[in-house]
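# Structural features, examined
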Amino acid sequence: MPGITVTKIAGGIGAEIGGVDLRRELSDDTIAEIRRAWNEHVVIFFRDQDLSSAQYLAFAGRFGEPVEYPFISGIEGFPVITPVVKLEHDRINFGGIWHSDTTYLEKPPMATFLIAREVPPQGGDTMFANQYLAYEALSEGLKQTLSTLKGVSCSAKADVSKSREDRMANSPGAKANQVFEVAHPVVRTHPETGRKALYINIGHTARFEGWTEEESAPLLNFLHQHQIKAEFTCRFQWRVGSLALWDNRAALHYPINDYHGHRRIMHRITLQGDRPR
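These remarks concern the structure in this document.

Parameters and conventions
Residues numbered from 1 in each chain as written. Predicted model: local features only at pLDDT ≥ 70, side-chain atom pairs only at ≥ 80, totals over all residues. Heavy atoms only, no water. Helix = DSSP H or I, 4+ residues; strand = E, 2+ residues; numbered from the N terminus. Buried < 20%, exposed > 50% of the residue type's maximum accessible area, 1.4 Å probe, protein only. Contact = heavy atoms within 4.5 Å. Lys, Arg positive; Asp, Glu negative; His and termini not counted. Charge placed at Lys NZ, Arg CZ, Asp CG, Glu CD. Polar contact = N/O pair within 3.5 Å; in protein donor to acceptor, adjacent residues only side chain to side chain. Phe/Tyr/Trp six-rings, centres within 6.5 Å; stacked < 30°, edge-to-face > 60°. Lys NZ or Arg CZ within 6 Å of the ring centre and 35° of its normal. Pairing = 2+ DSSP bridges. Axes fitted to C-alpha atoms, helices over the stretch in contact; angles between N-to-C directions. Core = buried A, V, L, I, M, F, W, Y, C linked by side-chain atoms within 4.5 Å. Salt bridge = Lys/Arg side-chain N within 4 Å of Asp/Glu carboxyl O.

### Regarding the overall build of the chain
The number of helices and strands found in the chain is 7 helices and 16 strands. Overall size of the chain, expressed as C-alpha extent along the three principal axes, is 50 × 45 × 30 Å. Expressed as a percentage of its 277 residues, the buried residues of the chain come to 55%. Across the chain, the fraction of contacts at a sequence separation of at least 24, relative to all contacts at a separation of at least 6, is 84%. Taking the 31 positively charged and 33 negatively charged side chains of the chain as two groups, their mean positions are separated by 1 Å.

### Things to note about the side chain of N130
As for its position among the elements, N130 is in strand β7 (residues 126-130). Engagement of the side chain of N130 in a polar contact is seen with the backbone nitrogen of Y132, the distance being 2.9 Å. Those residues in contact with N130, other than ones at most four positions away along the chain, are G12, I13, V42, F232 and A250.

### Observations concerning the packing of aromatic side chains
Applying the stated criterion across every chain, the model contains 16 aromatic pairs. Residues F46 and F59 carry aromatic rings whose centres are separated by 5.8 Å and whose planes lie at 85° to one another, so their mutual orientation is edge-to-face. In this pair, F46 is assigned in strand β3 (residues 43-46) and F59 in helix α2 (residues 53-61), connecting sequence segments 13 residues apart. When the centroid spacing of 5.7 Å and the interplanar angle of 70° are considered together, the rings of Y69 and F71 count as edge-to-face. We note that Y69, like F71, is buried. Grouped by ring-pair contacts, the aromatic residues W38, F46, F59, F63 and F113 constitute a single cluster. Over the aromatic face of Y135 sits the side chain of K143, whose NZ or CZ is 5.1 Å from the ring centroid. Taking NZ or CZ as reference, R195 lies 4.1 Å from the ring centre of Y132, over its face.

### Some details on the sheet that holds strand β9 (residues 181-185)
Across the sheet, 3 strands lie side by side as β9-β8-β12; this open sheet has antiparallel pairing. In this open sheet, the two strands that pair with only one neighbour each are β9 and β12 (205-208). Pairs of neighbouring strands in the sheet enclose a mean axial angle of 30°, with direction left out of account. For strand β8 (residues 150-154) and β12, the ladder comprises 3 bridges, and the chain directions are antiparallel. Looking across to β12, one finds that G151 is bridged to F208.

### Notes on the pairing of strand β6 (residues 111-118)
Across the 8 residues of β6, 6 count as buried, placing the element largely inside the fold. Inspection of the sheet shows β6 paired to strand β14 (residues 243-247) by 5 bridges, in the antiparallel sense. Its bridge partner being in β14, F113 is matched across the sheet by L245. Looking at chain direction, β6 and strand β16 (residues 264-271) are connected through 7 bridges and run antiparallel.

### Regarding the nonpolar core
Among the nonpolar cores identified, the biggest contains 26 residues, and F59, F113 and L243 are the most heavily contacted of them. Those elements giving two or more residues to this core turn out to be α1 (28-41), β3, α2, β6, β14 and β16. With 4 residues, α1 is the largest single contributor of residues to this core. When sequence neighbours within four positions are dropped, the list of residues in contact with F113 reads Y56, F59, A60, F63, L243, A244, L245, H267, R268, I269 and L271. Counting 25 residues, the second largest nonpolar core, distinct from the first, contains V84, Y104, L105 and A250.

### Structural notes on the sheet that holds β7
Read from one edge to the other, the open sheet built from 3 strands follows the order β13-β7-β15, with strand pairing classed as antiparallel. Two strands close off the open sheet at either side, each with one partner strand: β13 (233-236) and β15 (251-255). This sheet shows a mean twist of 20° between the axes of neighbouring strands, independent of strand direction.

### What about the pattern of salt bridges?
According to the stated counting rule, one finds 18 salt bridges in the structure shown. R263 is the partner of E118 in a salt bridge, and the nearest nitrogen-oxygen pair spans 3.6 Å. Of this pair, E118 sits in strand β6 while R263 sits in the loop between β15 and β16; the two residues are 145 residues apart in sequence, bridging distant segments of the chain. Salt-bridge contacts for E192 lead to R249; the nearest nitrogen and oxygen are separated by 2.9 Å. One end of the pair, E192, is in the loop between β10 (187-189) and β11 (196-198); the other, R249, is in the loop between β14 and β15, and 57 residues separate them in sequence. Residue classification places R249 among the buried residues on the basis of a relative accessible area of 5%. In the salt-bridge network here, residues are joined through shared partners; they are R35, E192, D247 and R249.

Spelled out as structure tokens, the structure:
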């Protein structure tokens, strides 16, 4: 579309979109162009977007149905906008491990939006990893093995549970005490692009279905190291008003916890997805 620019930020994943003011009501053609860039680059970024909560929600709603996060209450007046907060005294950041959002749900979110409201003077970047590339780089033999497996995701897995404890204590969600567990294919086929992607993550995947955790650990450990190889990743430096949109079906992300003593406040929206296949 005229005026829209798409600039890759790394070889394997990520592009910055320019020439778009998200405060305005965008045409269907513009939304379609943004969606094409998102499908191609897996995560896209916008800069200098001074959006109210209503404007932010309206933009996200053009891509799908926003849904509530089960463990933490949304911001006042907007239950589907989740605060992602680390305060000056906090030592652990929310979601501070490589993961795909809420894969322990029967229908995990298809997309995640994140906008920066307050950022530290330095640090607090987020890394992303392309799971199409991670799958495609595997041997044919391992691809065949993984095609038969399902990964069991659990919301109570220790590392990621600890990363949400402070926020749950201050503002628990409606299902804060519930444990979610579900099995999804280790390799999923993306419903829009038709490409195959690895769909496990160290934050939520506890074991393979029908296997014990001990039996699962060697192969899972290999895959977790493989899926975040540098050539599959990009790193994004936030500024106030920066907005990211990533494909939760084909990307992992990792918020870096390197800004102790400073405040970082982000607002997140996730969109309803389908059951992975």
